[in-house]
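# Understanding the architecture of this molecule
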Amino acid sequence: MSAESGGGSGSVPAYTEVDVEVLVIGAGAAGARTAIELAEHGVDDVLVLGKRNHGDAHTTWARGGINGALGTHDPEDDWTIHAADTLNEGHFVNDPEKVETVTEQMPERLRELDDWGMDFSRTESGEPDQRYFGAQSFRRTAFAGDYTGEALLNTLVEKAQEHEVPYRENVMVTKLLSDGERSYGAVGFDMESNEFLLFNAGAVVLAAGGYAAVYNRHSSRDDENNGDGPALAHDAGARLMDMEFVQFHPTGMAVDESDPEWEPWSGRLVTEAVRGEGGRLYNADGERFMERYSPDQMELDARDVVARAIAQEISEGRGTENGGVYLDISHREQSFIQERLPRMYERFSELGVDMAEEAVEVAPTSHYGMGGVVVDENAETDVDGLFAIGETMAGVHGANRLGGNSLAETVAYGVVAGEAVAERVDGPGHVPEAVLTSLAEPHLRGLQSTAGVEGEYEPETLLTELRDLMWEHAGILRDEASLQAGLDELDDVRRKAERLDVGGVTSRSFEFAIDLGFMLTVSESVLRSALERTESRGAHYRTDHTEVDSDLQCNICVERTDLGGMALSTEPVDEPSEPVRAALDEGHELDYHQLE
Ligand SMILES: Cc1cc2nc3c(=O)[nH]c(=O)nc-3n(C[C@H](O)[C@H](O)[C@H](O)COP(=O)(O)OP(=O)(O)OC[C@H]3O[C@@H](n4cnc5c(N)ncnc54)[C@H](O)[C@@H]3O)c2cc1C
């Protein structure tokens, strides 16, 4: 159903109302899997929204694989060991219940994807193949060549289409409607047609991705992972958690950013396989510096260790001209590199660099935000009727994420949320008059007045300023003074954001202006949480508190105050179940040496 209301200068602009039982915000793997589960439970009044075209979500960029203890090669593997590995890598601040929910389900989820026709790479006997993917005790990462994310999303989209799940593309949600206790729907706009939209929804599932792109060097797609999910939930009254834990991949491309040919590649991943196949790291003085940081594991140590070592070299002045270090595999034959690292070899060749002849420049890049929205066992947030899943939710990864676990989280929690929502909903939602007049209409007026406003600052310029300050002050190496300075600089950006120069509703600058709001919220929560965590744990490294503090084996939560500020609190971490405790006690070795 749709209706028009409002209009005129200074009044509420015209908008279209959409009534729906379940609104799924996000069309990546998490959103798609939720929609399928809802359909299989007979809930068909569902609308899935995405900011891009159908089938085009960040999930398509995942390459390496998806974890589940299928035991294709290692029958002794099981879900409890998968859970134990995840808790180990998360430095024991993961929520054990969330970890177990994912790991216990995954063998079934993988078999289901197989039944639905996912194009897994296979063993000779036709089983989905499985490999190591860094820091796992057994080979449990299923994969589809080096396009696992794309194969996964294609499979889910096809299945959703079989169920005729309604989908609307190029819609950006700008606000969730809640009175802080209960969710009623959302406001957004159609990025192609200008139309403002108000969704009356019985339940809202937020599957809008993560926040790794709040840093200037990141491995995410452009204009994705700006923190929409966590920022929308925080604004609606839900708590965020673990925001300080950001995984920095050690080897993103370090490039001359003034060169238009190279610039788009800044921060893009150089696969760990280059080190796995023998690549060596050197600083600008020609030292193989990992000898100082990790003489036994060298370049194959855990992601956070190698990333910190590189950051240290750069910060102490031993970096290259483009702010990186050298990654050199030129001691290998050209044919070997072409066979084992075909995509990398091709990418650098196209840019005029022969990896068999010379080293490439790399530096750490922001890859994944482990934090997100606090949810309960049903994936429901603190706000009744608002659910959060996939990269938007918190709890599974703790202080560091195991490669292959985030795709697992998307499908496992898609099922959890789908089941829980199906049990709850009983018809389309209705935005109460008080919420309409106190929240939705002022917000719509704000959107209208932002469109075409003339001012001093382009949104894109401020996005860059914000990303730069996050890299400088909340990057791999953090300390109190720098984090505090980051907060001060963030306040400056916030002040400048009051004088934006923005195009019309369908312009990129309008989208960037909305992104800026989301990114300010998320960046502030990262800075504040990182300041609060006066220890080093997993991906969070404080140069002024270099050790783990056992008193801080807890989660830091961020809540919106009545005046719009942020209040921090801590939550204790629960104990794992008996079977997972037993797997932990067995002491399985994490294998860092088989990076594929
Ligand atoms: C380079 C790279 C490689 C990776 N490789 C792996 C891997 O091998 N294995 C693994 O497990 N993980 C990997 N990951 C992580 C993994 O890809 C993601 O965690 C996962 O795909 C997230 O899925 P999602 O459904 O939660 O979100 P996404 O796929 O990010 O989807 C988010 C959806 O929300 C929509 N959206 C966002 N904001 C709004 C808004 N305001 N309004 C409306 N819609 C909105 C988007 O348009 C999109 O449809 C990788 C990540 C990167 C960056």
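This one's a predicted model, so the numbers in the text were calculated from it and none came from an experiment. Each residue is numbered by its place in its chain's sequence as written, counting from 1. Note on the predicted model: pLDDT of at least 70 is required for a residue's local features to be given, and 80 or more for side-chain atom pairs to be given and counted; whole-chain, interface and lining totals, by contrast, use all residues.

Any residue with 12 or fewer other C-beta atoms within 10 Å of its own C-beta is exposed, any with 20 or more is buried, and the rest are partly exposed; the C-beta atoms used are placed from the backbone. Numbering of helices and strands runs from the N terminus, with a helix taken as a DSSP run of H or I at least four residues long and a strand as a DSSP run of E at least two residues long. Of all ten residues that make up strand E15 (residues 360–369), ten are buried, and the element is covered over most of its length. Bridge count for strand E14 (residues 325–328) against E15 is three bridges, and the pairing is antiparallel. Within the sheet, the bridge partner assigned to Tyr-326 lies in E15 and is Glu-361. Strands pair, by our definition, only if DSSP identifies at least two bridges between them.

The subject of this paragraph is the environment of Val-325. Mapping Val-325 onto the fold places it in strand E14. Separated by 41 residues in the primary sequence, Val-325 and Ala-284 have C-alpha atoms spaced 6.5 Å apart. The residues touching Val-325, leaving out its near neighbours within four places in the chain, are Leu-281, Tyr-282, Asn-283, Ile-310, Glu-313, Ile-314, Gly-319, Thr-320, Val-362 and Ala-363. Each residue is represented by a C-beta atom placed from its backbone, and any two residues with such atoms within 7 Å are regarded as in contact.

Our next topic: the domain arrangement of the protein chain. A domain assignment, automatic or from a database, supplies the domain bounds used here. For the protein chain, the domain assignment lists domain 1 (247–365) and domain 2 (447–571). In this assembly, eight residues from domain 1 lie in contact with five residues from domain 2. Looking at the side of domain 1 that touches domain 2, the elements with two or more residues in it are strand E12 (246–253) and helix H8 (303–315). Residue contributions to the side of domain 1 that touches domain 2 peak at five residues, all from H8. Under the scheme applied here, ten amino acids are nonpolar (Ala, Val, Leu, Ile, Met, Phe, Trp, Tyr, Cys and Pro), four are charged (Asp, Glu, Lys and Arg), and all others, including Gly, are polar. Taken together, the residues of the side of domain 1 that touches domain 2 sort by class into four nonpolar, two polar and two charged.

Residue placement: Leu-206 occurs in strand E10 (residues 196–206). For Leu-206, a count of 35 C-beta atoms within 10 Å translates into the label buried. The spacing of Leu-206 and Glu-454 is 248 residues in sequence and 32 Å in space, taken between C-alpha atoms. When neighbours within four sequence positions are excluded, Leu-206 is seen to be in contact with Ile-25, Gly-26, Gly-229, Leu-232, Ala-233, Val-373, Leu-386, Phe-387, Ala-388 and Thr-392.

Overall, the predicted model of the protein chain reaches an average pLDDT of 94, with 97% of residues at or above 70. pLDDT under 50 marks residues 1–9. Its contacts with residues more than four places away, or in other chains, come to 15 contacts. What pLDDT expresses is the predictor's confidence in each residue, scored from 0 to 100.

Let us look at the sheet that holds strand E16 (residues 372–373). Ordered by their spatial adjacency, four strands build an open sheet running E16-E11-E20-E21, and the pairing between neighbours is antiparallel. At either end of the open sheet lies a strand with only one pairing partner, and these are E16 and strand E21 (566–572). Here an angle of 0 to 180 degrees is reported between the N-to-C directions of two axes, which are lines fitted to C-alpha atoms, with helices fitted over the stretch in contact. Taken strand by strand, helix H15 (residues 508–532) contacts strand E11 (240–241), strand E20 (554–560) and E21, and its axis lies near 50° from that of E21.

For the rest of this paragraph, the subject is the sheet that holds strand E4 (residues 66–67). In a beta sheet, neighbouring strands are held together by backbone hydrogen bonds and run either parallel or antiparallel to one another. Overall, antiparallel pairing links the three strands, which are arranged E4-E6-E5 in an open sheet. Only two strands of the sheet have a single neighbouring strand rather than two, namely E4 and strand E5 (130–131). In this structure, E5 lies alongside strand E6 (residues 141–142), joined through two bridges in antiparallel fashion. Across the sheet, the residue bridging to Gln-130 is Ala-142, located in E6.

This part covers H15. Here a helix's expected span is defined as the number of its residues, less one, multiplied by 1.5 Å. Taking 1.5 Å per residue, 25 residues should reach 36 Å; H15 reaches 36 Å between its end C-alpha atoms and fits that length. Burial analysis of H15 places 22 of its 25 residues in the buried class, which makes it a mostly covered element.

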